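Structure assessment
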Amino acid sequence: MEINQQKLSKLGFTEDTFTETVTFFLINDDKKYVMALGIKRRNSYLYARIFRGSKIYSVIVDNKNLKLLCRVCISRDPLAFYYSIFRKNILLKCYNELRCIKRFCDAYIDAILDNLKIKDEAIEIFLKPIDIKILKRYPKGFNRASAAIIEALIYYTKMPFVNEDEKKRALLKIDMCRETVYRSSENPIYRKIIDEIIKRFHILI
Ligand SMILES: Cc1cc2nc3c(=O)[nH]c(=O)nc-3n(C[C@H](O)[C@H](O)[C@H](O)COP(=O)(O)O)c2cc1C
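These figures come from a predicted structure and were not determined experimentally. (Residues numbered from 1 in each chain as written. Predicted model: local features only at pLDDT ≥ 70, side-chain atom pairs only at ≥ 80, totals over all residues. Heavy atoms only, no water.)

**Structural notes on the packing of helix H7 (residues 164-184) against helix H8 (residues 188-204)**
Applied cut-off: Axis definition: a line fit to C-alpha positions, over the contact stretch in the case of helices; interaxial angles, taken between N-to-C directions, run 0 to 180 degrees. Numbered from the N terminus, helices here are DSSP runs of H or I no shorter than four residues, and strands are runs of E no shorter than two. Oblique is the label for every angle not falling under 35 degrees (roughly parallel), over 145 degrees (roughly antiparallel), or within 65 to 115 degrees (roughly perpendicular). Note on convention: the crossing is left-handed when the near helix lies turned anticlockwise from the far helix by less than a right angle, right-handed when the turn is clockwise. Pairs of residues are marked as contacts when any of their non-hydrogen atoms sit within 4.5 Å.
Interhelical geometry of H7 versus H8 gives an angle of 165° and a closest axis separation of 9 Å. Looking at the two axes, H7 sits roughly antiparallel to H8. Crossing of H7 over H8 shows left-handed handedness. Residues Lys167, Ala170, Leu171, Ile174, Asp175, Cys177, Arg178, Val181 and Tyr182 of H7 lie in contact with H8, whose contacting residues are Tyr190, Arg191, Ile194, Asp195, Ile197, Ile198, Phe201 and His202.

The structure is reproduced here in structure tokens:
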């Protein structure tokens, strides 16, 4: 399947804004891995930065003859992002199971690693899309609770890499995320997730 820029743009990928995704990696046809990953479009390619500190950073740096396939899951579901950080196994089981992946992803793009640049802070990867699968055709409206949970997860995952001042600021921000979740949603799963993020956050500071 020829995947051009228009097809990627239609899925929301632009050259100026990161689209937050849940991305699966298949390493040398063997090991699987999943993480939340911000992705931009670069012409008809996808571009992402994998920061030092994540497991996949070392896997890529240590692997000379790396073959890397990615399945980029497009989702607004805060549960998908929550699992990608704290319950990776649940998502990894979905990799080859369409029914399961459909629970979490509106669509996915299969892509192959085309090029990479290893830098000190991060690895820049360029992915060549090879296939797109649209799994859900009915649109979903925006809700603040999902956005606040995803935002809180971003603050949480940045914690090991920030200084004390930034930690204090993150604490305020993450409390605001909790307030947004509680104000905008009565969904007990969303409330449980934001409370768990806060609990884990306090363990890190
Ligand atoms: C919405 C969201 C977007 C993220 N985007 C990136 C990213 O673009 N690059 C990155 O290296 N980490 C990103 N992270 C953090 C990683 O997903 C997180 O550190 C990763 O799960 C670490 O996995 P590991 O502990 O197995 O190494 C993001 C986290 C969230 C919640």
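**Notes on the side chain of Ser75**
Filter applied, for reference: Any pair of N or O atoms that falls within 3.5 Å is considered a polar contact. Within protein, one atom must be able to donate a hydrogen and the other to accept it, and sequence-neighbouring residues count only if both atoms are side-chain atoms.
Here Ser75 shows up in the loop between strand S4 (68-74) and helix H3 (78-86). Within the structure, the side chain of Ser75 is placed 2.9 Å from the backbone nitrogen of Asp77, a separation counted as a polar contact. One polar contact links the side chain of Ser75 to the main-chain carbonyl oxygen of Phe104, over a distance of 2.7 Å. When near neighbours in sequence (up to four residues on either side) are disregarded, Ser75 contacts Glu20, Ala80, Phe81, Phe104, Cys105 and Asp106.

**Focus on the site of the ligand**
Our working rule: We call a residue near a molecule or strand whenever a single non-hydrogen atom of that residue lies within 4 Å of it. Per-residue and other accessible areas were derived by the Shrake-Rupley procedure at a 1.4 Å probe size, with only the shown protein chains allowed to occlude residues. For this classification, Asp, Glu, Lys and Arg are treated as charged, while Ala, Val, Leu, Ile, Met, Phe, Trp, Tyr, Cys and Pro are nonpolar and the rest, including Gly, are polar. Residue ranges for the domains trace back to a domain assignment, done automatically or taken from a database.
Close to the ligand lie 19 residues; Tyr33, Ala36, Arg49, Phe51 and Lys55 are nearest. At a separation of 2.7 Å, a nitrogen atom of the ligand approaches a polar backbone atom of Arg49. One of the backbone nitrogen or oxygen atoms of Phe51 is found 2.7 Å away from an oxygen atom of the ligand. Taking 640 Å² as the accessible area of the ligand by itself, protein coverage stands at 86%. Where the shell around the ligand is concerned, the elements lending two or more residues are strand S2 (31-42), strand S3 (45-51), H3 and helix H6 (144-158). With 5 residues, S2 is the largest single contributor of residues to the shell around the ligand. Taken together, the residues of the shell around the ligand break down into 11 nonpolar, 4 polar and 4 charged. Counting the residues that make up the shell around the ligand, at least three belong to each of domain 1 (5-134) and domain 2 (144-204).

**Some words on H7**
To keep things clear, this is the line we draw: Here the expected span of a helix is defined as 1.5 Å times the quantity of residues minus one. Type-normalised accessible area, obtained with a 1.4 Å probe on protein chains alone, sets the label of each residue: buried when under 20%, exposed when over 50%, and partly exposed for intermediate values. Along the arc lie the directions from the helix axis toward the C-beta atoms.
Its 21 residues give H7 an end-to-end C-alpha distance of 30 Å, which sits within 8% of 30 Å, the value for a rise of 1.5 Å per residue. Within H7, the full set of buried residues consists of Lys167, Ala170, Ile174, Cys177, Thr180 and Val181. Summarising the axial view, the buried residues of H7 lie within an arc of 125°, below the 170-degree limit, and thus occupy one face. Opposite the buried face of H7, at more than 90 degrees from it, the exposed residues are Lys168, Leu172, Met176 and Arg183. On its buried face, H7 is in contact with H6 and H8. N-capping of H7 is provided by Asn163, with a side-chain oxygen placed 3.1 Å from the backbone N of Asp165.

**Considering the packing of aromatic side chains**
So the rule is basically this: Aromatic contacts are taken between Phe, Tyr and Trp rings whose centres are within 6.5 Å, Trp giving its six-membered ring; a plane angle under 30 degrees counts as stacked, one over 60 as edge-to-face, and the others as tilted. Only when the NZ atom of a Lys or the CZ atom of an Arg is both within 6 Å of the ring centre and within 35 degrees of the ring normal do we say a charge sits over the ring.
Summed over the entire model, instances satisfying the criterion amount to 7 aromatic pairs. Aromatic pair Phe24 and Tyr95: ring centres 5.7 Å apart, planes at 65°, arrangement edge-to-face. Here Tyr95 lies in the loop between helix H4 (88-92) and helix H5 (98-104) and Phe24 lies in strand S1 (residues 19-27), a separation of 71 residues in the sequence. The two residues Phe24 and Tyr95 agree in class, both being buried. Linked through ring pairs, Tyr82, Tyr83, Phe86, Phe104 and Tyr156 together constitute an aromatic cluster. Over the ring of Tyr47 we find Arg42, and its NZ or CZ is 4.2 Å from the ring centre.

**Quick notes on unusual backbone geometry**
As a rule of thumb, non-glycine residues mostly have phi less than zero, and peptide bonds are mostly trans rather than cis. A positive phi angle, near 50°, is found at Asn28, a position not held by glycine. For Asn28, the location among the structural elements is in the loop between S1 and S2. Of the residues examined, Asn28 reaches a relative accessible area of 31% and is grouped as partly exposed. Positioned with a positive phi, Asp29 is a non-glycine residue whose angle comes to about 55°. Looking at the element boundaries, Asp29 is found in the loop between S1 and S2.

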